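# Coordinate inspection notes
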Amino acid sequence: MSVIEMVREEGIAILTINRANVLNALNTEVLLELKKVLSQIKEDTSIKVVIITGAGEKAFVAGADISEMVKQSVDEGYRYSRLGQEVLALIENLPQPVIAAVNGYALGGGCELAMACDMRIASEKAKFGLPEINLGIIPGFGGTKRLTELVGKAKAMELILTGEMIDAAQAERLGLVNQVVKADKLLETAKTLAQKIASKSQIAVRAAKLAVNKSLYTDIETANACEAGLFGVCFASEDRKEGMMAFLEKRPAKFKN
Ligand code: CO8
């Protein structure tokens with residue numbers, strides 16, 4: 001059985017990281033497989049939204065695979081870190097929105113993976129943390145930047161410097177997750193969110209994701225220029241005409257793209 005399982009439900013692709021016996025720890029095989037699957041999804045316009053979750057009851061992903069890392073040379077560790085960063089950038093830059101359905105432990109590289117997704121729905125059982133400091137290292141898959149952006153410097157510092165875990169309710173209060181739900185409602189909630197997004201104009205959805213992402217790493221003038229360009233693309237679309245006509249005719253819009 002593959003370490004990444006993909007199930008398609010209409011326009012939604014559900015990816016499950018499948019190494020439950022080691023709490024879905026990310027080894028090189030998982031990262032390379034994720035890279036392959038995500039590269040295929042990127043080109044597949046029939047997939048409108050992606051959900052990423054972990055196999056089993058206990059973990060989303062409990063981090064990079066420590067038993068693999070312990071054997072790595074400095075050079076191998078560097079390349080491993082760059083591979084992880086590349087995969088997470090692929091998620092962030094995927095045209096389709098990506099939802100993390102966090103079913104349990106999201107630690108270290110697993111928390112970093114969840115943070116690279118556009119939204120996070122967490123089960124009540126989920127736990128988040130960047131415990132790398134306890135291993136004598138620091139986050140290596142972009143976590144210092146993404147956590148700081150999501151929760152602000154002081155809390156990011158506290159979590160990174162103590163390595164302590166927080167529960168789903170604390171993660172929600174910090175703005176690290178969008179919503180916390182009962183464990184047995186997790187996938188259903190993620191799918192409902194995905195279906196809602198999949199029902200919109202996909203030109204507008206992709207433009208919105210790109211505009212929000214670009215705004216994070218640039219100044220307001222550049223962000224506004226980028227937004228205006230993407231707004232123009234939406235404005236030129238058939239979906240824009242349909243969306244506005246449907247409003248005026250008091251009926252649901254039927255988007256084509
Ligand atoms: N890597 C490898 N194996 C793991 C990992 C992991 N990250 N996490 C759990 N496992 C394995 C355990 O070794 C155990 O295997 P076995 O049954 O063969 O003994 C199995 O999964 C079940 O785990 P536990 O028995 O430990 O389960 P518990 O319920 O007692 O504890 C915890 C659950 C608290 C999640 C615990 O497993 C734990 O602390 N795991 C490690 C968490 C961690 O430190 N994660 C961060 C790793 S470092 C990282 O992610 C860096 C990312 C950037 C890398 C940059 C590259 C250089």
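As the structure is a prediction and not an experimental result, all values here were calculated from the model.

Rules used in this analysis
- Residues numbered from 1 in each chain as written.
- Predicted model: local features only at pLDDT ≥ 70, side-chain atom pairs only at ≥ 80, totals over all residues.
- Heavy atoms only, no water.
- Near = heavy atom within 4 Å.
- Polar contact = N/O pair within 3.5 Å; in protein donor to acceptor, adjacent residues only side chain to side chain.
- Areas by Shrake-Rupley, 256 points an atom, 1.4 Å probe, with all protein chains shown as cover.
- Helix = DSSP H or I, 4+ residues; strand = E, 2+ residues; numbered from the N terminus.
- Nonpolar A, V, L, I, M, F, W, Y, C, P; charged D, E, K, R; others polar.
- Domains from an automatic or database assignment.
- Contact = heavy atoms within 4.5 Å.
- Buried area = accessible area lost by both parts, 1.4 Å probe.
- Pairing = 2+ DSSP bridges.
- Buried < 20%, exposed > 50% of the residue type's maximum accessible area, 1.4 Å probe, protein only.
- Arc of directions from axis to C-beta.
- Disulfide = S-S within 2.5 Å.
- pLDDT = per-residue confidence, 0-100.
- Axes fitted to C-alpha atoms, helices over the stretch in contact; angles between N-to-C directions.
- Parallel < 35°, antiparallel > 145°, perpendicular 65-115°, else oblique.

### Notes on the site of the ligand
Near the ligand lie 25 residues; those nearest to it are Lys 58, Ala 62, Ala 64, Ile 66 and Gly 109. One of the backbone N or O atoms of Ala 62 is found 2.9 Å from a nitrogen atom in the ligand. Take Gly 109: an N or O atom from its main chain is 2.8 Å from an oxygen atom of the ligand. In isolation the ligand has 1,100 Å² of accessible area, and contact with the protein removes 64% of it. Those elements that provide at least two residues to the shell around the ligand are helix 2 (66-69), helix 3 (74-93), strand 6 (105-107) and helix 4 (109-116). Ranked by the residues each element gives to the shell around the ligand, the list is headed by helix 3, at three residues. A breakdown of the residues in the shell around the ligand according to their chemical character gives 14 nonpolar, seven polar and four charged.

### Remarks on the domain arrangement of the protein chain
Entries for the protein chain in the domain assignment read domain 1 (4-198) and domain 2 (201-249). If you look at the interface, domain 1 gives 16 residues, while domain 2 gives seven residues. Counting each side, the surface lost to burial between domain 1 and domain 2 is near 920 Å², with a carbon and sulfur contribution of 46%. On the domain 1 side of the contact with domain 2, Glu 92, Pro 95 and Glu 149 bury the most area, a combined 43% of that side's loss.

### A short note on the sheet that holds strand 6
Strand order in the open sheet formed by four strands is 4-6-8-9, and the pairing between neighbours is mixed. Each edge of the sheet is formed by a strand with only one pairing partner; in this case those strands are strand 4 (59-61) and strand 9 (166-167). In the sheet, strand 8 (residues 127-129) pairs with strand 9 via two bridges, with the strands oriented antiparallel. For Lys 127, the partnering residue across the bridge sits in strand 9 and is Asp 167.

### Points about helix 5 (residues 143-151)
Residues of helix 5 that are buried include every one of Gly 143, Arg 146, Leu 147 and Val 151, and no others. The buried side chains of helix 5 occupy one side of the element, clustering within an arc of 105° when seen end-on. Buried residues belonging to helix 5 abut helix 3, helix 4, helix 6 (153-162) and helix 7 (168-174).

### Some thoughts on the state of the cysteines
For the coordinates displayed, the defined rule picks out zero disulfides. Cys 117 provides the cysteine sulfur closest to Cys 111, a residue in no disulfide bond, and the two sulfurs are 11 Å apart. With relative accessibility at 2%, the residue Cys 111 sits in the buried group. Residue classification places Cys 117 among the buried residues on the basis of a relative accessible area of 4%.

### Concerning the confidence of the model for the protein chain
Considering every residue of the protein chain, the mean pLDDT works out to 97; 100% of them sit at 70 or more. Two summary scores accompany this predicted model of the complex, namely pTM at 0.98 and ipTM at 0.98.

### A short note on the packing of helix 9 (residues 202-216) against helix 10 (residues 220-235)
Two elements in contact, helix 9 and helix 10, have axes whose closest approach is 9 Å; the angle formed by their N-to-C orientations is 175°. Taken together, helix 9 and helix 10 sit at an angle that is classed as roughly antiparallel. Residues Ile 203, Ala 204, Ala 207, Leu 210, Ala 211, Lys 214 and Ser 215 of helix 9 form the contact with helix 10, whose participating residues are Ala 223, Cys 226, Leu 230, Val 233 and Cys 234. Residue composition of the contact of helix 9 with helix 10, by class: ten nonpolar, one polar and one charged.

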